[in-house]
Amino acid sequence: MGTPAREGAPVTLTIDGFDITVPEGTSVMRAAAEAGFQIPKLCATDSLEAFGSCRLCVVEIEGRRGTPASCTTPVAPGMVVRTQSEKVKKIRKGVMELYISDHPLDCLTCAANGDCELQDMAGATGLRDVRYQAPADGGMSNHFEARQNGEANPQYVPKDDSNPYFTYDPSKCIVCNRCVRACEEVQGTFALTIAGRGFDSRVSAGTAADDFLSSDCVSCGACVQACPTATLQEKSVIELGTPERSVITTCAYCGVGCSFKAE
Ligand code: FES
């Protein structure tokens, strides 16, 4: 949710008509959350450094051109922010439409159904229909037909089952980079990276085999915990379904003791 800042000088700004005072360096997204306004987001979390890639959290700021990402924009004295203007709502809905246009429509049979941030954000932005169709030249028609049938894009690399604890399904990846950042910031392992561009972009181990088993992954589970969709799924969840309750315990995968949220 943007980099937390708890020690800076107090800064007062206005968000959706309400004055709020937060420490200098706080992100607009975090300040809005403290004022009770939840701005839609996909790439930001409470624990990872802000990245600013999904563009779902855009806001309007008086006197500034464009619509900056609230997760990477620090507050400033006297700043006037609008988080719910028609302009930003339209942009967010358009962003979600693009995400969903490149995502399998198999929610009812997906292991993350009901516990999927992409699904939540589609609802939060009011997305009901996806307008984008396959081009006449058929360039993306295979992808489009597969998506309509709830299947994976045939252009994607196959599912990676190599890790004993979790699977990686590239067809569901929105390339938010949260797993890559969790691997770096939580575990300090640097086992993952993003490879490719556009429709071909995906999480990669960067090894010759390009799977999790051949990477430096230590199976800590930080990437699975960070994933907002069903791209990275614990094998137990796939086999047994989403649990009805959760407990906080020390992660059984490794000895770091990072209080991984086991379910
Ligand atoms: Fe701010 Fe993704 S949440 S750009």
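Everything below is about the structure printed above this text.
Attention in this report is confined to the structure presented alongside it. Every chain is numbered on its own, with residues counted from 1 as its sequence reads. For this predicted model, a pLDDT threshold of at least 70 governs which residues receive local features, and a threshold of 80 or more governs which side-chain atom pairs are given and counted, while totals over whole chains, interfaces and linings are taken from all residues. To obtain the side-chain values, all non-hydrogen atoms of the structure were included, while hydrogens and water were left out.

## Thoughts on the state of the cysteines
Throughout, a disulfide means two cysteine sulfur atoms within 2.5 Å of one another. Enumeration according to the criterion identifies zero disulfides in this entry. With no disulfide of its own, Cys 110 lies closest to Cys 116 among cysteine sulfurs, the gap being 6.3 Å. Counting only cysteine sulfurs, Cys 176 is the nearest neighbor of Cys 227, a cysteine outside any disulfide, at a range of 6.4 Å.

## Notes on empty space enclosed by the protein
Note on definitions: the grid is 1 Å and covers protein atoms alone; a cavity is a set of points where a 1.4 Å probe fits but cannot get out; a pocket is an open set with protein on both sides within 12 Å along at least five of seven lines; lining residues have an atom within 4 Å of a point. Grid points are joined across faces, edges and corners, and a volume is the space filled by probe spheres set on the points. As enumerated under the stated definition, the model contains three cavities of 30 Å³ or more in all. Approximately 90 Å³ is the volume found for the largest cavity. If you go around the largest cavity, you meet 13 residues; those closest to its centre are Cys 173, Cys 176, Cys 179, Cys 227 and Pro 228. Taken together, the residues that form the lining of the largest cavity break down as ten nonpolar, three polar and no charged. Taken as a whole, the second largest cavity encloses approximately 70 Å³ of empty space. What lines the second largest cavity is Cys 183, Gln 187, Thr 189, Ala 191, Leu 192, Cys 217, Val 218, Ser 219, Cys 220, Gly 221, Ala 222 and Cys 223. Strands here mean DSSP runs of E at least two residues long; helices mean DSSP runs of H or I at least four residues long; both are numbered from the N terminus. Looking at the lining of the second largest cavity, the elements with two or more residues in it are α5 (178-187) and α6 (222-226). Note on residue categories: nonpolar means Ala, Val, Leu, Ile, Met, Phe, Trp, Tyr, Cys or Pro, charged means Asp, Glu, Lys or Arg, and polar means any other residue, Gly included. Counted by class, the lining of the second largest cavity contains eight nonpolar, four polar and no charged residues.

## Quick notes on the packing of aromatic side chains
Aromatic rings from Phe, Tyr and Trp, taking only the six-membered ring of Trp, are treated as a pair when their centres fall within 6.5 Å; an angle between ring planes under 30 degrees marks them as stacked, one over 60 as edge-to-face, and anything in between as tilted. Here the structure, examined in full by the defined rule, presents three aromatic pairs. When the centroid spacing of 5.8 Å and the interplanar angle of 50° are considered together, the rings of Phe 18 and Phe 37 count as tilted. On the criterion of sequence distance, the pair formed by Phe 18 in strand β2 (residues 18-23) and Phe 37 in the loop between α1 (28-34) and β3 (60-61) is long-range, its members being 19 residues apart. Any residue under 20% of the maximum accessible area for its type is buried, any over 50% is exposed, and the rest in between are partly exposed; the area is computed with a 1.4 Å probe on protein chains only. Given a relative accessible area of 53%, Phe 18 falls into the exposed group. Taking 5.7 Å as the distance between ring centres and 55° as the angle between the ring planes, the aromatic pair formed by Tyr 168 and Phe 212 counts as tilted. Here Phe 212 lies in the loop between β7 (202-204) and α6 and Tyr 168 lies in strand β5 (residues 166-168), a separation of 44 residues in the sequence. Of the residues examined, Phe 212 reaches a relative accessible area of 6% and is grouped as buried. Joined through ring pairs, the aromatic side chains of Phe 166, Tyr 168 and Phe 212 make up one cluster.

## Concerning the pairing of β2
Two strands pair if DSSP finds at least two bridges between them. For strand β1 (residues 10-15) and β2, the ladder comprises six bridges, and the chain directions are antiparallel. Counted as the bridge partner of Ile 15 is Phe 18 from β2.

## Regarding helix α3 (residues 117-124)
Along α3, the positions that sit buried rather than exposed are Leu 118, Met 121 and Ala 122. The buried residues of α3 occupy an angular sector of 105° when the element is viewed end-on, so they sit on one face. Whether two residues touch is decided by their heavy atoms; if any such pair falls within 4.5 Å, the residues are in contact. Along its buried surface, α3 packs onto α2 (86-101). Within two residues after α3, Gly 126 carries a phi angle of roughly 80°, on the positive side. Directions are taken from the helix axis to each C-beta atom, and the arc is the one they span.

## Quick notes on the nonpolar core
Think of a nonpolar core as a cluster: buried Ala, Val, Leu, Ile, Met, Phe, Trp, Tyr and Cys residues, connected wherever their side-chain atoms sit within 4.5 Å. Within the largest apolar cluster, 20 residues are counted, with the highest numbers of intra-cluster contacts made by Leu 13, Ile 15, Val 75 and Val 81. If you list the elements that add at least two residues to this core, you get β1, β2 and α1. No other element matches the four residues that α1 contributes to this core.

## A closer look at the sheet that holds β3
Strands pair in a sheet through their backbones, by hydrogen bonds, and they do so in one of two ways: parallel or antiparallel. Sheet architecture is open: four strands sit in the order β2-β1-β4-β3, paired in mixed fashion. Edge positions in the sheet fall to β2 and β3, since each of these pairs with one other strand and no more.

## Overview of the pattern of salt bridges
By salt bridge we mean one thing: a side-chain nitrogen of Lys or Arg within 4 Å of a carboxyl oxygen of Asp or Glu. Evaluated as defined, the whole model comprises six salt bridges. Arg 82 is the partner of Glu 62 in a salt bridge, and the nearest nitrogen-oxygen pair spans 3.1 Å. Placement of Glu 62 in the loop between β3 and β4 (80-82) and of Arg 82 in strand β4 is noted, with a sequence separation of 20 residues between them. Taking the shortest distance from any N to any O, the salt bridge between Asp 106 and Lys 172 comes out at 3.1 Å. With Asp 106 in the loop between α2 and α3 and Lys 172 in the loop between β5 and α5, the pair connects residues that are 66 residues apart, well separated along the chain.

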